[in-house]
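Results of the structural survey
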Amino acid sequence: MTKQLETVTDKPESSFKSSNPNKSTTPKRKNTFLEMKKNYSSYLFLFPKLVLFVLFVAFPVVWAFVLSFQEYKVFGSVFVGLDNYIKVFQSEAFFIALKNTLLFTAVTVPFNVISALVISSMIFALGKISQSFFRSAFYLPTVTSMVIIAMVWRWMYNYEFGLFNYVLGWFGVEPINWLGQSSTALWALIIMSCLIPFGAGIIMYLASMGSISPSLYEAARIDGANSFKQWWHITVPLLKPTTLYLALLSTIGSFQVFTQIIMMTGGGPGNATETLVHLIYKTGFRDFEFGLAAAQSVVLFAIILVFSIIQFRVLRHDE
Amino acid sequence: MIGGVTMKKSPAGKLNKVIIYVLLTIFAVVSLLPLYWVFSTSLQLSSYQSEDMERPVSYVDSNPPKMYPMGIPLYFEHWSEAREAKKAGNTEEEAYHRDMMDYIVSNTFASFNSLFKKHDVGTWFFNSVYISVVVTLGILLIDSMAGYVLAKKKFPGRNLIFWIIISTMMIPGQVTLVPLFMMIRDLELMNTHWALILPDLSMVFGVFLMRQFMYSIPDELLEAAKMDGASEWKTYWTVVLPLAKPGLAALGIFTFMNVWNSFLWPIIVLNSAKLYTLPVGLKTLQDANLASFKLLMSGAAVAAIPMIIVFILFQRYFVKGLTLGGVKE
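Residues numbered from 1 in each chain as written. Chains lettered and ligands numbered in written order. Predicted model: local features only at pLDDT ≥ 70, side-chain atom pairs only at ≥ 80, totals over all residues. Heavy atoms only, no water.

1. Quick look at the overall build of chain A
The helix and strand inventory of chain A stands at 18 helices and two strands. Burial status across chain A gives 50% buried among its 319 residues. As displayed, chain A has an accessible area near 15,800 Å², and 66% of this comes from carbon and sulfur atoms. (Helix = DSSP H or I, 4+ residues; strand = E, 2+ residues; numbered from the N terminus. Buried < 20%, exposed > 50% of the residue type's maximum accessible area, 1.4 Å probe, protein only. Areas by Shrake-Rupley, 256 points an atom, 1.4 Å probe, with all protein chains shown as cover.)

2. Structural notes on the overall build of chain B
Within chain B, the secondary structure is distributed over 15 helices and zero strands. Over its C-alpha atoms chain B spans a radius of gyration of 27 Å, topping by over 25% the 20 Å that the globule rule assigns to 329 residues. Each principal axis of the C-alpha atoms in chain B carries an extent, and together these give about 90 × 70 × 40 Å. Buried residues in chain B amount to 53% of all 329 residues. Total accessible area computed for chain B in this model is approximately 15,600 Å², and 64% of it derives from carbon and sulfur atoms. Of note, chain B has its 27 positive side-chain charges centred 13 Å away from the centre of its 24 negative side-chain charges. (Rg over C-alpha atoms; globule rule 2.2 N^0.38 Å. Lys, Arg positive; Asp, Glu negative; His and termini not counted. Charge placed at Lys NZ, Arg CZ, Asp CG, Glu CD.)

3. Structural notes on helix α4 (residues 110–117) of chain B
Within α4 of chain B, burial applies to S111, F112, S114 and L115 of chain B. Viewed along the axis of α4 of chain B, the buried residues span an arc of 165°, placing them on a single side of the element. (Arc of directions from axis to C-beta.)

4. Topic: helix α6 (residues 158–167) of chain B
Among all positions in α6 of chain B, only R158, I161, F162, I165 and I166 of chain B are buried. Looking straight down α6 of chain B, one finds that the buried residues subtend no more than 125° of arc, so they occupy a single side. Of the residues in α6 of chain B, the exposed ones pointing more than 90 degrees away from the buried face are L160 and W163 of chain B. Of the surrounding secondary structure, the elements contacted by the buried residues of α6 of chain B are α5 (40–67) of chain A together with α5 (121–152) and α9 (205–214) of chain B. (Contact = heavy atoms within 4.5 Å.)

5. Re the interface of chain A and chain B
With 93 residues of chain A in contact, the opposing surface of chain B contributes 104 residues. In total, chain A and chain B occlude about 9,400 Å² of area from one another, counting both sides; carbon and sulfur atoms represent 78% of this. Among the residues chain A hides against chain B, the three largest losses belong to F45, K49 and W155 of chain A. Together they make up 9% of the total. Taken together, the links from chain A to chain B amount to one salt bridge. Taking the shortest distance from any N to any O, the salt bridge between D143 of chain B and K49 of chain A comes out at 2.7 Å. Counting across the chain A and chain B interface gives 14 residue pairs in polar contact (both at pLDDT 80 or more). (Buried area = accessible area lost by both parts, 1.4 Å probe. Salt bridge = Lys/Arg side-chain N within 4 Å of Asp/Glu carboxyl O. Polar contact = N/O pair within 3.5 Å; in protein donor to acceptor, adjacent residues only side chain to side chain.)

6. Brief notes about the nonpolar core
Y139 of chain A together with I268 and F318 of chain B are the most contacted members of the largest nonpolar core, which totals 183 residues. For F318 of chain B, the residues in contact, after removing those within four places along its chain, are Y139 and V143 of chain A together with I253, F254, M257, M307, V310 and F311 of chain B. (Core = buried A, V, L, I, M, F, W, Y, C linked by side-chain atoms within 4.5 Å.)

7. Structural notes on the confidence of the model for chain A
Put simply, chain A has an average pLDDT of 84, and 89% of its residues get 70 or more. This model gives residues 1–25 of chain A a pLDDT under 50, and the stretch forms eight contacts once residues within four places in sequence are excluded. (pLDDT = per-residue confidence, 0-100.)

8. Let's talk about the packing of α5 of chain A against helix α7 (residues 177–186) of chain B
Remark: α5 of chain A packs on α7 of chain B, axes separated minimally by 8 Å, with the N-to-C direction vectors making an angle of 115°. The orientation of α5 of chain A with respect to α7 of chain B, classified from their angle, is roughly perpendicular. Pair α5 of chain A / α7 of chain B crosses with right-handed handedness. Here L55, F56, F59, P60, W63, A64 and L67 of chain A of α5 of chain A lie close against α7 of chain B, whose contacting residues are V178, P179, L180, M182, M183, I184 and D186 of chain B. Of the residues assigned to the contact of α5 of chain A with α7 of chain B, the class counts are 13 nonpolar, no polar and one charged. (Axes fitted to C-alpha atoms, helices over the stretch in contact; angles between N-to-C directions. Parallel < 35°, antiparallel > 145°, perpendicular 65-115°, else oblique. Left-handed = near helix turned anticlockwise from the far one by under 90°. Nonpolar A, V, L, I, M, F, W, Y, C, P; charged D, E, K, R; others polar.)

9. Comments concerning the pattern of salt bridges
Residue and element names in this part refer to chain A. Under the defined criterion, the tally for this structure stands at nine salt bridges over all chains. Ionic pairing is found between E218 and R221, a salt bridge with its closest N-O pair at 3.8 Å. One end of the pair is E218 and the other is R221, both in helix α13 (residues 214–222) and three residues apart, which spans about a single turn. Relative accessible area serves as the criterion here: at 43%, E218 is assigned to the partly exposed category.

10. Here we look at the environment of G268 of chain A
Residue and element names in this part refer to chain A. Within the secondary structure, G268 sits in the loop between α16 (259–265) and α17 (276–285). With 16 residues separating them along the chain, G268 and G284 place their C-alpha atoms 18 Å apart. If we ignore the near neighbours within four places in the chain, the residues touching G268 are A185 and T273.

11. Structural notes on the environment of V299 of chain A
Residue and element names in this part refer to chain A. Along the chain, V299 turns up in helix α18 (residues 290–317). Linking V299 and V107, residues 192 residues apart in sequence, is a C-alpha distance of 22 Å. Not counting chain neighbours up to four residues away, the residues in contact with V299 comprise Y85, V88, F89 and F94.

12. Let's talk about a negative patch on the surface
Residues and elements named next belong to chain B. On the surface, E51, D52, E77, E81 and E84 cluster together into a negatively charged patch. Assignment of secondary structure puts E77 in helix α2 (residues 71–87). The exposure class assigned to E77 is partly exposed, which follows from its relative accessible area of 44%. (Patch = residues over 30% accessible without salt bridge, like charges linked within 9 Å, V, L, I, M, F, W, Y side chains within 5 Å.)

13. Some remarks on a nonpolar patch on the surface
Among the surface-exposed residues, L195 of chain A together with V18, V22, I26, F27 and V30 of chain B lie close enough to one another that they form a single nonpolar patch of about 450 Å² accessible area. Per-element accounting of the nonpolar patch gives the leading share, five residues, to helix α1 (residues 13–42) of chain B. Take V18 of chain B: it is sitting in helix α1.

14. Considering the environment of L195 of chain A
Looking at where L195 of chain A falls in the secondary structure, it is placed in helix α11 (residues 185–195). In sequence terms L195 of chain A and N112 of chain A are 83 residues apart; their C-alpha atoms lie 8.5 Å from each other. When near neighbours in sequence (up to four residues on either side) are disregarded, L195 of chain A contacts W153 and F164 of chain A together with V30 and S31 of chain B.

15. What about the side chain of S68 of chain A?
When you line up the elements, S68 of chain A lands in the loop between α5 and β1 (70–71). Engagement of the side chain of S68 of chain A in a polar contact is seen with the side chain of Y85 of chain A, the distance being 2.7 Å.

16. Observations regarding the packing of aromatic side chains
Scanning all chains against the criterion turns up 47 aromatic pairs over all chains. Taken together, a centroid distance of 5.4 Å and an interplanar angle of 45° make the contact between F69 of chain A and Y85 of chain A tilted. A residue pair is termed long-range when its members are at least 10 positions apart, and F69 of chain A in the loop between α5 and β1 and Y85 of chain A in helix α6 (residues 83–90) qualify at 16 residues. Classification of F69 of chain A as partly exposed rests on a relative accessible area of 28%. With centroids separated by 4.9 Å and ring planes inclined at 75°, the aromatic side chains of F285 of chain A and F181 of chain B adopt a geometry described as edge-to-face. Residue F285 of chain A is found in helix α17, and its partner F181 of chain B is found in helix α7; the two belong to separate chains. Judged on exposure class, the residue F285 of chain A and its partner F181 of chain B are both buried. Through a chain of ring-to-ring contacts, the aromatic side chains of Y72, F258, Y281, F285, F288 and F290 of chain A together with F181 and F263 of chain B assemble into a single cluster. The positively charged end of R83 of chain B is found above the aromatic ring belonging to W79 of chain B, 5.1 Å away from the centroid. The ring of F162 of chain B has R211 of chain B sitting right over it, with the charged end atom 3.6 Å from the ring centre. (Phe/Tyr/Trp six-rings, centres within 6.5 Å; stacked < 30°, edge-to-face > 60°. Lys NZ or Arg CZ within 6 Å of the ring centre and 35° of its normal.)

Encoded structure:
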């Protein structure tokens, strides 16, 4: 009460404005305008981000769609309708890139999410100090740039002197020219992605596990459920929202796989490791076919969107 | 075994715990091995010849691979032999071993030396640092301002603006690659650092994160500041920002990491060696094909060390940022 009184006496002007809606004598449009005027400072606070956003995000997004219907020419582009999209779906390169990207995603995403779940469950069972130690050990590799990771894996995959073939040698496997032949190159990249820990996933799972009420486990134990049963029937179902989020996150990430490709194989040998983003990069910035590259990127966006929706539906459905 | 969540008190717990420790240690070793290999290779002896060897050998290209820098045991070998030679009064022998010790040290760090002397790694490092710092500070200011009003103020268009901004988070960055390239070219910003800084400052993730965080600031404090006659700017600067520190730290770290590691866009817009950031420079170093793996791994180490230090210093904010960003409404 006293608060209100004070503001009224201090600032009669503003109290007059805010009492306007109650009287409802002014038309709604004018009301909005007054509201905007009253809050001008809020717009000023938003202004820098808004300008940057419009210039470097919103405008390019719209332009990408426009470009995808144009053929780029130095002196004015021409509208070509769906030509670019037709070209995208008629090119063999696109389908090879799509197939490779899908295979990459289909193996790495389930593997990464499930291994993050298993590893974080194991970490959660430990004491505080061990928890933070292992959490760091699994997150540390993910703070280093993929460029660095790709460089060292390229070295580890070296046919003659690489660490990978050496370790496989312990198990009696003959040396394999991992990146040099089209039958193994994509699998080399997939194995590498599986062996890089999903650090963010582990941290998020750990945070979610911390918020599960211990009384649930208490009850299950009284009912005679063993550790594995408790995990399977309590932990896993309650972590489903996190699993959904992580699956989406890593699907989106893996559809955009690029750095490993350009650093390790350049899409080769042949086009054995060509992926969608690497194809877009090549089309746009090696061949300078901007319209076609824009169409490819719109298709990539559509594919990611569709997969996100499917994943969302599936994982939500059987809840 | 896996479901160790509540096994602490169960009788089988001890055995399970041992199994968990063993497995986790194996996984952790696998996950950290590539990073270890970066450092190990960067410090590996690339050429060594002792008295009894016909030809110098390289421990970088050796089969089987040497698991740690060979300079370490060899240095101590020569050191102890030098000591024995000294005891025996053999000055010539002692001088030889002393020289070998010096040689081992210089060869071990040779690639770092040549990276900074022959290649532009110093410049690339500086570019990466200053671009990351500028973008991080800019993002912290701009996004906290935006996040603050989007969370705490009511004004027409607030929700519309927020949802438009957030919906673009769904769009993969590759979609804007071509138009952004054309724009930067038309603005004549190609091959400048502005071409990196401006699009980076436009990233929207921070607005989302800051808005989430600002919700937790109690309204009463803002009201109190207002009653004390503080201007909007003063309220934001003296009340809101100090309270938002943990959120700012998390956002700052993630922004720094993203900018430091960003690769696809920089390789498109930068084409002169003086302007490269570290990831771009490393790619050209690798493309040159002249570089040995020792040199490449040294470059990789130079790029990795700052992020590792940042991670060790600010670990808890990484956790905070991840769990905060992951919270859905």
